[in-house]
Amino acid sequence: MTRHLLDIVDFNTAEVMAILDLAEQPIESLGRPLDGHGASLIFEKPSNRTRHSMEMAVVQLGGHPVYTRGEEIGFDTREPVEDVARIMAGYHSIIAARVFDHATVERAAAALDADGTEVPVVNMLSDRSHPLQAFADALTMRQRLGVLTGQTVAYVGDYANVARSLAEISLLLGMHVRLGCPRGFDADDAELERLSTIGTGTIEQVTRAAEAAEGANAVHTDTWVSMGQETEKAARRRAFEGYTVDDDIMALADPNAVFMHCLPAYRGFEVSADVIDGPQSAVFQQGHNRMHAARGALAFVLSEVTR
Ligand code: CP
Ligand code: NVA
């Protein structure tokens, strides 16, 4: 069965560890699994990190990335998602997409599975999750903090795609996850229940940023206004007042805690300039790790394809 990369929970703890290890292996040791093969990268939303890290990861694995904007492809407007996936799978050994609706990548994967076509579908961010980001987040935390089991990861802000994937990977790695989100932008009871069944970690949700950060080894946040929510900007900025990760919040965390953000960041809103540009910030290492993590994740899913 093809190993698609749609969500972190498509992988178990041993597989996540294997991907993190692959991410740190010398490129030459990975054996150019995409030699002579294409990778289709489709973006319905803007990107800096995801596009560049994926293009370079594909090149490092011997392949050729082909970038297309979502408007050109027109998922379900120009042609059905399933037709796009079936055509692309004849040209490419990886189909990756950044989409508004998570169902788009699920339907692409299901269409290929129904045909027995072994081409992995990779989610490069959907409304639900951002698994490639989470692999880079875990890699960065492991490099900065050592063994992650038993350490505490705090997430302050909007419980959305980035937070969900971060929570999932942290739980698989046995971490204590503490979410600090305003009501209405938090994980609901069903989601907390689902998270509580993942891995050996623990999940807790609080309403105040300060409570979430208390003693944490890593403090993460994300924009308050995700791509596609631009019309809600003013209302969201009001709703998230008091959730800025600033020096006062970082002072409550462990003295050796790292600050992390998937970027792009909006200084003065979800994070103060002092924190993101300060000594505890790991954001550029985290951003650079997107390429290493993508290479590791692609090498893993390709290694499961039976050619
Ligand atoms: N973190 C992240 O996914 O960045 P881009 O939107 O620039 O790809
Ligand atoms: N939550 C953000 C992440 C950007 C990388 C968004 O969806 O726009």
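Residues numbered from 1 in each chain as written. Chains lettered and ligands numbered in written order. Predicted model: local features only at pLDDT ≥ 70, side-chain atom pairs only at ≥ 80, totals over all residues. Heavy atoms only, no water.

1. Let's talk about the site of ligand 2
Next, step 1: What surrounds ligand 2 is the set Leu125, Asn161, Val162, Asp222, Thr223, Ser226, Met227 and Leu263.
Next, step 2: Contact between ligand 2 and Asp222: a nitrogen atom at 2.7 Å from a side-chain N or O atom of the residue.
Next, step 3: Met227 places a main-chain nitrogen or oxygen 2.7 Å from an oxygen atom of ligand 2.
Next, step 4: A total of 260 Å² of accessible area belongs to ligand 2 in isolation, and the protein chains cover 95% of it.
Next, step 5: Among the residues forming the shell around ligand 2, the class breakdown is four nonpolar, three polar and one charged. (Near = heavy atom within 4 Å. Polar contact = N/O pair within 3.5 Å; in protein donor to acceptor, adjacent residues only side chain to side chain. Areas by Shrake-Rupley, 256 points an atom, 1.4 Å probe, with all protein chains shown as cover. Nonpolar A, V, L, I, M, F, W, Y, C, P; charged D, E, K, R; others polar.)

2. Brief notes about the packing of aromatic side chains
Next, step 1: Throughout the structure, instances matching the rule amount to six aromatic pairs.
Next, step 2: With 6.2 Å between their ring centres and 85° between their planes, Trp224 and Phe269 make a pair best called edge-to-face. You can see Trp224 sitting in the loop between β8 (218-221) and α10 (233-239) and its partner Phe269 sitting in the loop between β9 (258-261) and α12 (273-276), a full 45 residues away along the chain.
Next, step 3: Here the aromatic cluster, defined as three or more aromatic residues joined through ring pairs, consists of Phe185, Trp224, Phe240 and Phe269.
Next, step 4: One cation-aromatic arrangement involves Arg51 over Tyr67; the distance from NZ or CZ to the ring centre is 3.5 Å.
Next, step 5: It is Arg237 that lies over the ring of Phe269; its NZ or CZ is 3.6 Å from the centre. (Phe/Tyr/Trp six-rings, centres within 6.5 Å; stacked < 30°, edge-to-face > 60°. Helix = DSSP H or I, 4+ residues; strand = E, 2+ residues; numbered from the N terminus. Lys NZ or Arg CZ within 6 Å of the ring centre and 35° of its normal.)

3. Re the environment of Met56
Next, step 1: Note that Met56 resides in helix α2 (residues 49-60).
Next, step 2: Spatially, the C-alpha atoms of Met56 and Ala187 are 34 Å apart, while their sequence positions differ by 131 residues.

4. Observations regarding the pairing of β8
Next, step 1: Side chains Ala218 and His220 of β8 all project onto a buried face; the interleaved residues Val219 and Thr221 project onto the opposite face, where all are buried too.
Next, step 2: Where β8 and β9 come together, four bridges link them in parallel fashion. Residue pairing across strands places Thr221 opposite His261, the latter belonging to β9. (Buried < 20%, exposed > 50% of the residue type's maximum accessible area, 1.4 Å probe, protein only. Pairing = 2+ DSSP bridges.)

5. Focus: the pairing of strand β6 (residues 176-180)
Within a regular strand, side chains alternate between the sheet's two faces.
Next, step 1: In terms of burial, β6 is a largely internal element, four of the five residues being buried.
Next, step 2: Sheet topology places strand β5 (residues 152-156) next to β6; five bridges connect them, and they run parallel. Bridge pairing in β6 places Tyr155 opposite Leu179.
Next, step 3: Following the chain from β5 across helix α7 (residues 161-172) to the adjacent parallel β6, one finds a crossover that is right-handed.
Next, step 4: Of the strand pairs in this sheet, β6 and strand β7 (residues 202-206) are connected by five bridges, and their pairing is parallel. By the bridge assignment for β7, His176 is matched with Thr202. (Right-handed = clockwise from strand over helix to strand, strands pointing away.)

6. Here's the deal with the site of ligand 1
Next, step 1: Ser47, Asn48, Arg49, Thr50, Arg98, His130, Gln133, Met227, Cys262, Leu263 and Arg290 make up every residue found near ligand 1.
Next, step 2: Arg290 has a polar side-chain atom sitting 3.1 Å from an oxygen atom of ligand 1.
Next, step 3: When the free accessible area of ligand 1 is taken as 250 Å², the share hidden by the protein chains comes to 96%.
Next, step 4: Taken together, the residues of the shell around ligand 1 break down into three nonpolar, five polar and three charged.

7. A look at the side chain of His92
Next, step 1: One can find His92 in strand β3 (residues 92-98).
Next, step 2: The exposure class of His92 is buried, given its relative accessible area of 10%.
Next, step 3: In this structure the side chain of His92 is engaged in a polar contact, spanning 3.2 Å, whose partner is the backbone nitrogen of Ala39.
Next, step 4: Apart from residues lying up to four places away in sequence, His92 is in contact with Gly38, Ala39, Ser40, Val66 and Val119. (Contact = heavy atoms within 4.5 Å.)

8. A word on the sheet that holds β6
Next, step 1: Reading across from one edge, β7-β6-β5-β8-β9 is the order of the five strands in this open sheet, with parallel pairing throughout. The open sheet terminates on both sides in strands that have one partner only, identified here as β7 and β9. Each neighbouring strand pair of the sheet contributes to a mean axis angle of 20°, computed without reference to strand direction.
Next, step 2: Docked against the sheet, helix α6 (residues 131-145) engages β5, β8 and β9, running at close to 165° with respect to β9. (Axes fitted to C-alpha atoms, helices over the stretch in contact; angles between N-to-C directions.)

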